[in-house]
Amino acid sequence: MDTAANEPVLLETRDAGVLRLTLNRPAARNALSVALMAALKDALDCAAADKDCRVVVIAGAGPAFCAGHDLRELRSDNRREAYERIFAQCSALMLQIVRLPKPVIAEVHGIATAAGCQLVATCDLAVAAADARFATPGVNIGLFCSTPMVALSRNVPRKQAMEMLLTGDMISAEDAYRIGLVNRVVKAGRAREEALELARKIGAKSAAVVKLGKEAFYQQLGMNIADAYAYASEIMVKNMMARDAGEGISAFVEKRQPRWEDR
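Small disclaimer: the values here were computed from a predicted structure and weren't measured. (Residues numbered from 1 in each chain as written. Predicted model: local features only at pLDDT ≥ 70, side-chain atom pairs only at ≥ 80, totals over all residues. Heavy atoms only, no water.)

Asker: Sorry if this is basic, but what is going on with the overall build of the chain here?
Answerer: In terms of regular secondary structure, the chain is built from eleven helices and nine strands. Computed over the C-alpha atoms, the radius of gyration of the chain is 19 Å, within 12% of the 18 Å expected from 2.2 N^0.38 for a compact globule of 263 residues. With the C-alpha coordinates of the chain rotated into their principal frame, the extents come out at 60 × 45 × 40 Å. Looking at the chain as a whole, 43% of its 263 residues qualify as buried. Long-range pairs, those at least 24 residues apart, make up 66% of the contacts in the chain between residues at least 6 apart in sequence. In the form shown here, the chain has an accessible surface area of approximately 14300 Å², with 56% of it arising from carbon and sulfur atoms. A gap of 2 Å separates the mean positions of the 34 positive and 31 negative side-chain charges of the chain. (Helix = DSSP H or I, 4+ residues; strand = E, 2+ residues; numbered from the N terminus. Rg over C-alpha atoms; globule rule 2.2 N^0.38 Å. Buried < 20%, exposed > 50% of the residue type's maximum accessible area, 1.4 Å probe, protein only. Contact = heavy atoms within 4.5 Å. Areas by Shrake-Rupley, 256 points an atom, 1.4 Å probe, with all protein chains shown as cover. Lys, Arg positive; Asp, Glu negative; His and termini not counted. Charge placed at Lys NZ, Arg CZ, Asp CG, Glu CD.)

As structure tokens, this is what we get:
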């Protein structure tokens, strides 16, 4: 619970296989407190085990998506071990999103800064409202965005990432789209509908195939090209042996909609 507002720090709604997780600390611009990160972890753990959940959408309540770490909380305990615990918790959360067997979509409006920008970059896909803005502004307050840098530098070209990290400047939704930080930019007020539509489209695919493909995508990124092709070939064979591959190919040949068994 958020002790200030006595409300849950994370809201959950479900719609036809889509789990929507809403960061619910609007007065703090949905800053990632220890409690909020813990709530996200628990919700994602449940999503991983829930066969009815096919796609996860992460959104923010109020005027912002996420303003990064809770700086007041960070300064409330200046012991080294406290900092180590918080940054390890955040890094574990980001890895959990990458390793989740379901696709995760960021639904962004307002600002997404520092660890909030990291969250957007970490999600598999991102839909941004036209009024959204993004930054890694830690350098402006003497705290370089080193952990956000990990996700950012794996999603946008090197020089654009360095410019964001070294200047701390805000970039627009259109610029975020241009450099590949988000997948699409939609009219202000339309991000929820567009993210849900994208989630439903993905959710209509075979969950087993999506799980296999997401895992393979991230695994091959760190390999050299020869190892990546060898690994991907093994994945293709594994995929061909799956029941849904047989059904999908038959449905294509027979010009009908596939009936997925998710295996």
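Asker: How should the pattern of salt bridges be read in this particular structure?
Answerer: Should their charged atoms come close, side chains of opposite charge can pair. The full count for this structure, using the stated rule, is 16 salt bridges. In this structure, Glu 107 engages Arg 20 in a salt bridge whose closest nitrogen and oxygen atoms are separated by 2.7 Å. Separated by 87 residues along the polypeptide, Glu 107 in strand E4 (residues 104-108) and Arg 20 in strand E2 (residues 18-23) bring together distant segments of the chain. When its relative accessible area of 7% is taken as the criterion, Glu 107 is described as buried. One salt bridge connects Glu 247 with Arg 256, and the closest N-O pair in it is separated by 2.7 Å. Residue classification places Arg 256 among the partly exposed positions, given a relative accessible area of 25%. (Salt bridge = Lys/Arg side-chain N within 4 Å of Asp/Glu carboxyl O.)

Asker: Would you mind going over the side chain of Thr 136 with me for this structure?
Answerer: Tracing the backbone shows Thr 136 in the loop between strand E7 (133-135) and helix H5 (146-153). The class of Thr 136 is buried, set by a relative accessible area of 1%. Here Leu 165 takes part through its backbone nitrogen, which lies 3.5 Å from a polar atom of the side chain of Thr 136. (Polar contact = N/O pair within 3.5 Å; in protein donor to acceptor, adjacent residues only side chain to side chain.)

Asker: Mind showing me how you'd approach the sheet that holds E7 here?
Answerer: Each strand in a sheet pairs with another by means of backbone hydrogen bonds, the pair being arranged parallel or else antiparallel. The sheet built from three strands is open, its strands ordered E5-E7-E8 with mixed pairing. Edge positions in the sheet fall to strand E5 (111-113) and strand E8 (171-172), since each has one partner strand and no second. Examined bridge by bridge, E7 and E8 share two bridges and lie antiparallel to one another. When the bridges of E8 are listed, Phe 134 appears paired with Ile 171. (Pairing = 2+ DSSP bridges.)

Asker: Would you take a moment to explain unusual backbone geometry for this structure?
Answerer: Excluding glycine, a negative phi dihedral is what most residues carry, and trans is how most peptide bonds are arranged. Residue Ala 16 is not a glycine yet carries a positive backbone phi of 50°. Relative to the assigned elements, Ala 16 resides in the loop between strand E1 (10-15) and E2. In this model, Ala 114 sits at a positive phi of 50°, which is unusual for a non-glycine residue. In this structure Ala 114 comes out as buried when scored by relative accessible area, which is 16%.

Asker: Hey, could you run me through the packing of H5 against helix H6 (residues 158-167) in this one?
Answerer: Helices that pack against each other are described as a pair by the angle of their axes relative to one another and the distance between those axes. One way to put it is that H5 packs onto H6 with a least axis distance of 10 Å and a crossing angle of 160°. Comparing their axes, H6 and H5 come out roughly antiparallel. With respect to the hand of their crossing, H5 and H6 are arranged in right-handed fashion. When H5 is examined against H6, the residues Met 149, Leu 152 and Ser 153 are found in contact with a partner set consisting of Ala 161, Met 164 and Leu 165. (Axes fitted to C-alpha atoms, helices over the stretch in contact; angles between N-to-C directions. Parallel < 35°, antiparallel > 145°, perpendicular 65-115°, else oblique. Left-handed = near helix turned anticlockwise from the far one by under 90°.)

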